[in-house]
Amino acid sequence: MLGGTGRMIRYRKLGYVELMVTDSSVPPPSIAHRRLEPAGEGPEGERRFRCSEDPYAVVLHQAPQPGFRRGGWMLEDERQFESLHAALKSAGIAFESLSAAECKGRGLGRATRTVEPNMGATLEFYLLPAAARLETLFADGGQDPAVGHVVWATPHYDRPMPSSATC
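Model, not experiment: these values are computed from the prediction. (Residues numbered from 1 in each chain as written. Predicted model: local features only at pLDDT ≥ 70, side-chain atom pairs only at ≥ 80, totals over all residues. Heavy atoms only, no water.)

Looking at helix α2 (residues 79–91)
For α2, built from 13 residues, the straight-helix expectation of 18 Å at 1.5 Å per residue is met to within 8% by its first-to-last C-alpha distance of 19 Å. Among the residues of α2, Q80, F81, S83, L84, H85, A87 and L88 are the ones counted as buried. Next to the buried residues of α2 lie β5 (67–75), β6 (95–97), β7 (110–115) and β8 (122–127). Immediately beyond the C-terminal end of α2, within one or two residues, lies G92, with a positive phi of roughly 70 degrees. (Helix = DSSP H or I, 4+ residues; strand = E, 2+ residues; numbered from the N terminus. Expected span 1.5 Å × (residues − 1). Buried < 20%, exposed > 50% of the residue type's maximum accessible area, 1.4 Å probe, protein only. Contact = heavy atoms within 4.5 Å.)

Some points on the packing of aromatic side chains
For any pair of aromatic rings, geometry is given as the distance between the ring centres together with the angle between the planes. This model, assessed by the stated rule, comprises 3 aromatic pairs. Through successive ring pairs, a cluster of aromatic residues spans Y16, Y56 and Y126. Positioned above the aromatic ring of F81, the side-chain terminus of R110 is 4.0 Å from the ring centre. (Phe/Tyr/Trp six-rings, centres within 6.5 Å; stacked < 30°, edge-to-face > 60°. Lys NZ or Arg CZ within 6 Å of the ring centre and 35° of its normal.)

Quick word on the environment of L84
Locating L84 in the fold gives a position in helix α2. Of the residues examined, L84 reaches a relative accessible area of 0% and is grouped as buried. Distance in space between the C-alpha atoms of L84 and R10 is 9.0 Å, their sequence separation being 74 residues. Ignoring anything within four residues of it in the chain, the contact list for L84 reads I9, T112 and F125.

What is shown is where atoms sit, not what they do.
Below is the structure:
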């Protein structure tokens, strides 16, 4: 649940992570051992890699300093956007729907972007275009074994985690 709205936001999986790296031609050692195959370049020259039928799972952006750029969670279905938007509004967290042009350039069907208020991490919630979504579900049961979790650490989190938080 998010923001105490009583609505659950159901997602299928962590779909992608986008990292800023000093050399975007090679995956960092922490992810290089994954079964990643090149999946082309994005609209800004970023390098894409995948490990399933999805368009990509890891995206590397050339930058002077390495870091986390954003993460994307594939929602269960279209109805989840209503729950997501209601929960974000209730919590007072700003969000935006990505334009059709940005979604198309990134291989997404629909997406919402927000910035997590404690760490400043950019988070996206998305669905693939309808045809790709069906293909993915039947190809691998909606599971991506290579990208299963992300661990964040931040020195700026000044509140204890809620006791209801689970991993």
